[in-house]
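One letter stands for each residue in the lines below.
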Amino acid sequence: GVEAAARPAPRPLGGALGGAGRGGVHGGRAAARRRRLPLLPLAAARGWRRRRPAPQPAVPGTLPLQLNKPAELRRNLVGTVDFTVPSGGSRLGEELWTSKTAHHFVGCSDATKEFADAKAVTEPNRYLMIATSGGLNQQRTGIIDAVVAARILNATLVIPKLDQASFWNDASDFGEIFDADSFISSLANDVKIIRQVPDRNGKTPSPYKMRVPRKCTPKCYENRVLPALLKKHVVQLTKFDYRVSNRLETDLQKLRCRVNYHALKFTDPILEMGRLLVQRMRAKSGRFIALHLRFEPDMLAFSGCYFGGGEIERRELGAIRKRWDTLHESNPDRERRHGKCPLTPEEVGFMLRALGFGKDVHLYVASGDVYGGEETLAPLKALFPNFHSKETLSSKEELAPFLPFSSRMAALDYVVCDDSDVFVTNNNGNMARMLAGRRRYFGHKRTIRPNSKKLSSLFLNRTSMSWDTFASKVQMYQKGFMGEPNEIKPGKGEFHEHPMDCICARTKRRTGPSKPYLSNRAREAAGNHTSDAEFDWSDLDYGENTPLGGDSSTETDPDYGRIAGPDIPELEDILSD
């Protein structure tokens, strides 16, 4: 049978992923007005009806900002009423859910014989402290690299300090999110880790605070940090996110993998609740898709894209965009042509249906406060009615211990997305990268990232084609973006997303390092990926507002400006979940 991709009947705003809204008579009148609307092209047809803005909590150090979440978001991605979507799935079957070649590869992160034991290389009176920055997954990258930095410096690492005072406003410490005992013991042979700096003459020594440039190499650490460590003995590296080079020698890359995939585990309460959510998803359906939607206001503002909301959208998102002093004036049409705009929830739904996932598939959505609320989500729910989130799968009492803490809530989504049969990301930010790499390491589980550059032009022009033609083009454009082994050229890409040094090829008799071969199809697909030099619109953290421009830290580094420019995040590295 077929399902007309027509606009669903309006429903009251609100629910787990939407804001509070109006129903009743107002909703009925809105529906009547909608039915009389003509269907217009994408860029011209979208309209908004303003409603009274909901009060927003003030953020320390910022001006209060009120978002007018539309009661109506009339996006016309359907084009004509004749455009129909088959209700069933494709005939690909298992090939759609799993990779045929995944079993040929295995994660391999054991240290080589040349990698000396921590006891043999750790120097006394060298203590490295780390202050992480950002949301859950941005801090996760900082923790991983902190271990690597300590190893480079032959120093003892103090349990990293999490970001508690910034815009994210999460008071959790390390031990409330991660299993500190496992972290220390699992890495005992690699780096000596302690909970706090030992007292000296009955007093806790104050650390010397400094900051290193982004992507600092081992030589950079030896030249910049080691002299301070030898003189002061206790050094704290601040705003520690992406402060270690992406490219390192193999043993240090494997150390990154041991930290990320084995040592850094969530606490039991987080794991137990996350696994309970997975269990409830599997009780509804044998397998499911997890979607990291990432369609929050800060994400859209940072992208510089236009989503059809008229002057209200331009004003609201423009006000948020002013938080980043370094962002250039946006050119929405150019951003979309270059594939730097996130897909709308409806577009994500069309992509998945075009790939062959049927209407009966169960969808778990990990997201913060979606811009436009329930009206924005309605088209996605029409395409996938079996729509779930941590809020719909659990009671208020079950979520109560996690609700006040954005990082713990994000951790629950991380667990469910990690254990899903298929993981779909609408961006290439921290959570997407961390999970993509983890899923590759543990068996190349199906991981789908939209080829936004190709799909954006397809969505703009698809009113002139049938569903079969549209679906065929989506499937063609998505080759190389489906989580298959060797989708990217060796040495390219961000390491946490493509941990190539930690993935080995299986053979009948032994397991050895994977060869950097690429099929012609994979080579072509790799060429379609965004290059390292391109600005990535998506580098923002999930479920958390993005910090304002500027920095309140007081430490200085006189040489910093000569290497990395002003003390502001580089656009390509403003990474939040």
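A few points on the structure.

Conventions adopted
- Residue indices follow the written sequence of each chain, beginning from 1 at its first position.
- Totals for whole chains, interfaces and linings use every residue, but because this is a predicted model, local features are given only for residues with pLDDT of at least 70 and side-chain atom pairs only at 80 or more, for both listing and counting.
- Calculated side-chain values reflect all of the structure's heavy atoms, with hydrogen atoms and water omitted.
- The rule for a disulfide is simple: a pair of cysteine sulfur atoms within 2.5 Å.
- Strands are runs of DSSP state E lasting at least 2 residues, helices are runs of H or I lasting at least 4, and numbering of each runs from the N terminus.
- Whether a residue is buried, partly exposed or exposed follows from its accessible area with a 1.4 Å probe, protein chains only, as a fraction of its type maximum: under 20%, in between, or over 50%, in that order.
- Only C-alpha atoms enter the line fits that serve as axes; for helices the fit covers just the stretch in contact. Angles between N-to-C directions range over 0 to 180 degrees.
- Any angle from 65 to 115 degrees is called roughly perpendicular, while one under 35 is roughly parallel, one over 145 is roughly antiparallel, and all others are oblique.
- Contacts between residues were defined by any pair of non-hydrogen atoms, one from each residue, lying within 4.5 Å.
- Basically, the charged four are Asp, Glu, Lys and Arg, the nonpolar ten are Ala, Val, Leu, Ile, Met, Phe, Trp, Tyr, Cys and Pro, and anything else, Gly included, counts as polar.
- Think of a salt bridge as a Lys or Arg side-chain nitrogen and an Asp or Glu carboxyl oxygen that are within 4 Å of each other.
- The pairing criterion is simple: DSSP has to find at least two bridges between the two strands.
- Each direction from the helix axis to a C-beta atom contributes to the arc, which is the arc of those directions.
- By convention, a stacked pair of Phe, Tyr or Trp rings (six-membered ring in the case of Trp) has centres within 6.5 Å and planes under 30 degrees apart, an edge-to-face pair has planes over 60 apart, and any other such pair is tilted.
- Among the buried residues, those of types Ala, Val, Leu, Ile, Met, Phe, Trp, Tyr and Cys that are joined through side-chain atoms within 4.5 Å form a nonpolar core.
- Reported domain spans reflect what an automatic or database domain assignment gives.

As enumerated under the stated definition, the model contains four disulfides in all. The disulfide bridge from Cys257 ends at Cys502, spanning 2.0 Å between sulfur atoms. In this structure the cystine formed by Cys257 and Cys502 twists about its S-S bond by roughly 95 degrees; its chirality is therefore right-handed. One end of the pair, Cys257, is in helix H9 (residues 250–263); the other, Cys502, is in the loop between helix H21 (467–477) and strand S16 (503–506), with 245 residues separating them in the sequence. Per residue, the accessibility class of Cys257 equals that of Cys502, and both read buried. Residue Cys305 pairs covalently with Cys341 via a disulfide, S to S 1.9 Å. Across the S-S bond of Cys305 and Cys341 the torsion is about -95 degrees, and the bridge reads as left-handed. Note that Cys305 is positioned in the loop between helix H11 (297–303) and helix H12 (310–321) and Cys341 in the loop between helix H13 (332–337) and helix H14 (345–355), a separation of 36 residues in sequence. The same class applies to Cys305 as to Cys341, namely buried. Of note for the protein: the bonded cysteines, numbered N- to C-terminal, pair according to 1-8, 2-3, 4-7, 5-6.

Two elements in contact, helix H5 (residues 136–153) and helix H8 (residues 218–232), have axes separated by 10 Å at closest approach and are oriented at 75 degrees. On the basis of the axis angle, H5 is roughly perpendicular to H8. In this structure, H5 contributes Ala149, Ile152 and Leu153 to the contact, and H8 contributes Pro218, Tyr221, Val225, Leu226 and Leu229. Along the lines of polarity and charge, the residues of the contact of H5 with H8 split into eight nonpolar, no polar and no charged.

For the rest of this paragraph, the subject is the pattern of salt bridges. The final tally for this structure, using the stated rule, is 22 salt bridges. Residues Glu94 and Arg287 are paired through a salt bridge, measuring 2.8 Å at the closest nitrogen-oxygen approach. With Glu94 in helix H3 (residues 94–97) and Arg287 in the loop between helix H10 (268–284) and strand S11 (288–292), this pair connects stretches of sequence that are 193 residues apart. By relative accessible area, Arg287 is classed as partly exposed at 28%. Between Arg314 and Glu311 there is a salt bridge, and its shortest N-O distance comes to 3.2 Å. Note that Arg314 and Glu311 are positioned in helix H12 at a spacing of three residues, about one turn of the helix. Exposure remark for Glu311: the relative accessible area of 55% places this residue in the exposed category. The network of salt bridges with shared partners includes Arg214, Asp241 and Arg243.

Looking now at the sheet that holds strand S12 (residues 362–366). Ordered in space as S13-S12-S11-S14-S15, the five strands form an open sheet in which the pairing is parallel. Bordering the open sheet on either side are strand S13 (387–388) and strand S15 (447–448), each of which pairs with just one other strand. Where S11 meets S12, five bridges bridge the pair, whose relative direction is parallel. If you follow Phe288 over to S12, its bridge partner there is His362. Along the sheet face, helix H18 (residues 406–419) touches S11, S12 and strand S14 (422–425) and points at about 145 degrees away from the line of S12. Contacts from helix H19 (residues 430–441) reach S11, S14 and S15, with the element oriented near 150 degrees to S14.

Turning our attention to H21. For H21, the set of buried residues is Trp467, Phe470, Ala471, Val474 and Tyr477. In an axial view of H21, the angular spread of the buried residues amounts to 130 degrees, which keeps them on one side of the axis. In this fold, the buried residues of H21 make contact with strand S4 (84–86), H14 and helix H20 (452–461).

All chains considered together, the criterion is met by 14 aromatic pairs. Judged by centre distance (5.6 Å) and plane angle (15 degrees), the ring pair of Phe178 and Phe266 falls under stacked. Taken as a pair, Phe178 in the loop between helix H6 (174–177) and helix H7 (180–186) and Phe266 in the loop between H9 and H10 lie far apart in primary sequence, 88 residues in all. Exposure class is identical for Phe178 and Phe266. Each is buried. Here Phe350 and Trp467 contribute two aromatic rings whose centre-to-centre distance is 6.4 Å and whose plane-to-plane angle is 50 degrees, an arrangement assigned as tilted. Of the two residues, Phe350 is situated in helix H14 and Trp467 in helix H21; the sequence distance between them amounts to 117 residues. Assigned by exposure class, Phe350 and Trp467 land together as buried.

With that out of the way, let us pick up the side chain of His444. Among the structural elements, His444 can be located in the loop between H19 and S15. Owing to a relative accessible area of 5%, His444 belongs among the buried residues under this scheme. Discounting chain neighbours no more than four positions away, the residues touching His444 are Ser99, Ala102, Phe105, Arg439, Gly483, Glu484, Pro485 and Ile503.

This paragraph deals with the environment of Thr101. With respect to the element layout, Thr101 can be found in the loop between H3 and strand S5 (105–107). With 383 residues separating them along the chain, Thr101 and Glu484 place their C-alpha atoms 7.6 Å apart. Excluding anything up to four places from it in sequence, Thr101 contacts Glu484 and Pro485.

Now for the sheet that holds strand S6 (residues 127–132). Spatial strand order, S8-S7-S6-S10-S9: five strands in an open sheet with parallel pairing. With partners counted over all chains shown, the strands left at the sheet margins are strand S8 (193–194) and strand S9 (208–210), one partner each. In the sheet, S6 pairs with strand S10 (residues 234–240) via five bridges, with the strands oriented parallel. Each bridged residue has a counterpart across the sheet, and for Ile130 the counterpart in S10 is Leu237. Strand contacts of H5: S6, strand S7 (156–158) and S10, with the helix running at about 165 degrees to S6, the strand carrying the most contacts. Taken strand by strand, H8 contacts S6, S9 and S10, and its axis lies near 140 degrees from that of S10.

Buried residues dominate H14, accounting for 11 of its 11 residues. All of the buried residues along H14 are Pro345, Glu346, Glu347, Val348, Gly349, Phe350, Met351, Leu352, Arg353, Ala354 and Leu355. Following H14 by one or two positions, Gly356 has its phi on the positive side, about 125 degrees.

On to the nonpolar core. Counting 69 residues, the largest nonpolar core has Phe174, Phe183, Tyr221, Leu237, Phe240, Phe266 and Tyr364 as its most contacted members. Sorting elements by how many residues they give to this core places H5 first, with 10 residues. Counting contributing residues, this core receives three or more from each of domain 1 (93–105 + 268–295 + 342–505) and domain 2 (118–263). Residues contacting Phe266, with those up to four places away along its chain left out, are Leu136, Arg140, Ile177, Phe178, Asp179, Leu271, Ala411, Tyr414 and Val415.

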